[in-house]
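Okay, here's what each chain looks like letter by letter:
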Amino acid sequence: MPVGAQKSFGTAGVAVALLLPIALVNAIGFILPVLNLARMSFNEALPGGGIAEALTAANWTGLLHDSFYIELITNSIVVSLGITLATLLVSYPIALYLHRASGAWRTFLTVLVISPLLTSAVVRTYGWIALLAEQGPVANVIASMGFQPPRMMFNTTGVVIGLTEILMPYMILSLMAGFGRLDPKVEEAARTLGATPFRTFWRVILPLTLPGIALGCLLCFVLAISSFITPKLMGGGRVFLLATEIYDQAIVTLNWPLAATLSMLVLIIFGAALAVYSRILRMIEG
């Protein structure tokens, strides 16, 4: 064997040896459980929580013919998209300001952005429950202004508000990671050529920050559609989403095959979102 081929073979062997442990961890911790869920989705639930060994597609066909699950899937996607859009709108100005800040001020603001991630989502959700309650501070402020406070708890509005705040750090960090293409000199050139601030933003800043927007939207959509704690607590059992339904089927009714089917459906939605993200990136870079 030539010396060059021996070196290449040795390098490949070292690479395989280094990647083997993490490949085994992924196989045991992720691939095998997903394959088990996929198999379980083709089983039938028995009374009392048992699972029949025979394979059937009844769970999948039932999702396509049951109006409740069709509405559940549609509502989950629409609510998650709404949360993603709301998170983007409130996070973009903050991320842009952080990108333009410098020195210790930028470090301080970045720490403030990251600090909510150090608190449990359960604690933050209960904080929003206290704020948005019928006699809470938000309702009292609205009432003091002479308006009728809207119902903000145990409905979709509360879920959207809570998840938007919880997902803001992820969106801000994703946007900042994608703002590397934003050059201040390009903005200065646009203003020098007579562009208004809005036109500069629309024609220069926004196109250059699209990769960060796409990354943040992908991350927040995936986290929103798979979120369980906030919809369960702030929805009060009245907001039906995929994550809460999976919990009910697996823990309450003990219908594990249906829960597995819904879980695989969420995984399919993740794959579709990733495909859309990849397509958008190719369009941006092309």
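Residues numbered from 1 in each chain as written. Predicted model: local features only at pLDDT ≥ 70, side-chain atom pairs only at ≥ 80, totals over all residues. Heavy atoms only, no water.

- The name given to the chain in an unreviewed UniProt entry is Polyamine ABC transporter permease, with Phyllobacterium brassicacearum as the source organism.
- Within the UniProt record for the chain, the comment given under Subcellular location (unreviewed entry) is "Cell membrane".
- Annotation of the chain in UniProt includes, under Sequence similarities (unreviewed entry), the sentence "Belongs to the binding-protein-dependent transport system permease family. CysTW subfamily." (UniProt positions renumbered as here; feature names shortened; annotations may be inferred.)

Notes on the UniProt feature "transmembrane region" (unreviewed entry) in the chain
Next up, step 1: If you check UniProt for "transmembrane region" (unreviewed entry), the listed places come out as residues 12-35, 72-96, 108-133, 153-179, 200-229 and 256-277 in our numbering.
Next up, step 2: Taken as a whole, residues 12-35 contains 100% helix and 0% strand, while its terminal C-alpha atoms sit 29 Å from one another.
Next up, step 3: In residues 200-229, helix accounts for 87% and strand for 0%; the two terminal C-alpha atoms are 41 Å from one another. (Helix = DSSP H or I, 4+ residues; strand = E, 2+ residues; numbered from the N terminus.)

Quick look at the pattern of salt bridges
Next up, step 1: Summed over all chains, the structure comprises 3 salt bridges.
Next up, step 2: We note a salt bridge from Arg100 to Glu187, for which the minimum N-O separation is 2.5 Å. Of this pair, Arg100 sits in helix 3 (residues 67-100) while Glu187 is found in helix 8 (residues 184-192), placing the two residues 87 residues apart along the sequence.
Next up, step 3: When its relative accessible area of 46% is taken as the criterion, Arg100 is described as partly exposed.
Next up, step 4: The closest approach of N and O atoms between Arg124 and Glu165, which form a salt bridge, is 3.5 Å. Of this pair, Arg124 sits in helix 5 (residues 121-132) while Glu165 sits in helix 7 (residues 156-177); the two residues are 41 residues apart in sequence, bridging distant segments of the chain. (Salt bridge = Lys/Arg side-chain N within 4 Å of Asp/Glu carboxyl O. Buried < 20%, exposed > 50% of the residue type's maximum accessible area, 1.4 Å probe, protein only.)

So, the packing of aromatic side chains
Next up, step 1: Summed over the entire model, instances satisfying the criterion amount to 8 aromatic pairs.
Next up, step 2: Between Phe68 and Tyr69 the ring centres are 5.1 Å apart and the planes differ by 75°, which places this aromatic pair in the edge-to-face class.
Next up, step 3: Here Phe68 falls in the partly exposed class, since its relative accessible area comes to 33%.
Next up, step 4: Judged by its relative accessible area of 11%, Tyr69 falls in the buried class. (Phe/Tyr/Trp six-rings, centres within 6.5 Å; stacked < 30°, edge-to-face > 60°.)

Some remarks on the nonpolar core
Next up, step 1: In this structure, Tyr92, Ile172, Leu175 and Met234 are the most contacted members of the largest nonpolar core, which totals 35 residues.
Next up, step 2: Listed by contribution, the elements that provide at least two residues to this core are helix 3, helix 4 (103-114), helix 5, helix 7, helix 9 (197-208) and helix 10 (210-225).
Next up, step 3: Residue contributions to this core peak at 8 residues, all from helix 7.
Next up, step 4: The residues contacting Met234, other than those within four sequence positions of it, are Thr125, Trp128, Ile129, Leu132, Met153, Phe154, Asn155, Gly158, Val159 and Gly162.
Next up, step 5: Counting residues in hydrophobic clusters, the runner-up holds 20 residues, among them Leu63, Phe221, Leu265 and Ile269. (Core = buried A, V, L, I, M, F, W, Y, C linked by side-chain atoms within 4.5 Å. Contact = heavy atoms within 4.5 Å.)

Re the layout of surface pockets
Next up, step 1: Its boundaries defined by the atoms lining it, the largest pocket holds a volume of some 330 Å³.
Next up, step 2: Residue lining of the largest pocket: 17 residues in total, with Ala214, Cys217, Leu218, Val276 and Ile280 positioned closest to the centre.
Next up, step 3: When contributions to the lining of the largest pocket are tallied by element, the ones reaching two or more residues are helix 3, helix 10 and helix 13 (256-285).
Next up, step 4: Tallied by class, residues from the lining of the largest pocket come to 16 nonpolar, 1 polar and no charged. (1 Å grid on protein atoms, 1.4 Å probe; cavity = no way out; pocket = protein on both sides within 12 Å on 5 of 7 lines; lining within 4 Å. Points joined across faces, edges and corners; volume = space filled by probe spheres on them. Nonpolar A, V, L, I, M, F, W, Y, C, P; charged D, E, K, R; others polar.)

Brief notes about a nonpolar patch on the surface
Next up, step 1: A surface patch of nonpolar side chains, amounting to about 770 Å² of accessible area, comprises Leu20, Leu24, Ile28, Phe30, Ile31, Leu32, Leu35 and Leu267.
Next up, step 2: Top contributing element to the nonpolar patch by residue count: helix 1 (residues 3-40), with 7 residues.
Next up, step 3: Its place among the elements puts Ile28 in helix 1.
Next up, step 4: Using a relative accessible area of 61% as the deciding quantity, one classes Ile28 as exposed. (Patch = residues over 30% accessible without salt bridge, like charges linked within 9 Å, V, L, I, M, F, W, Y side chains within 5 Å. Areas by Shrake-Rupley, 256 points an atom, 1.4 Å probe, with all protein chains shown as cover.)

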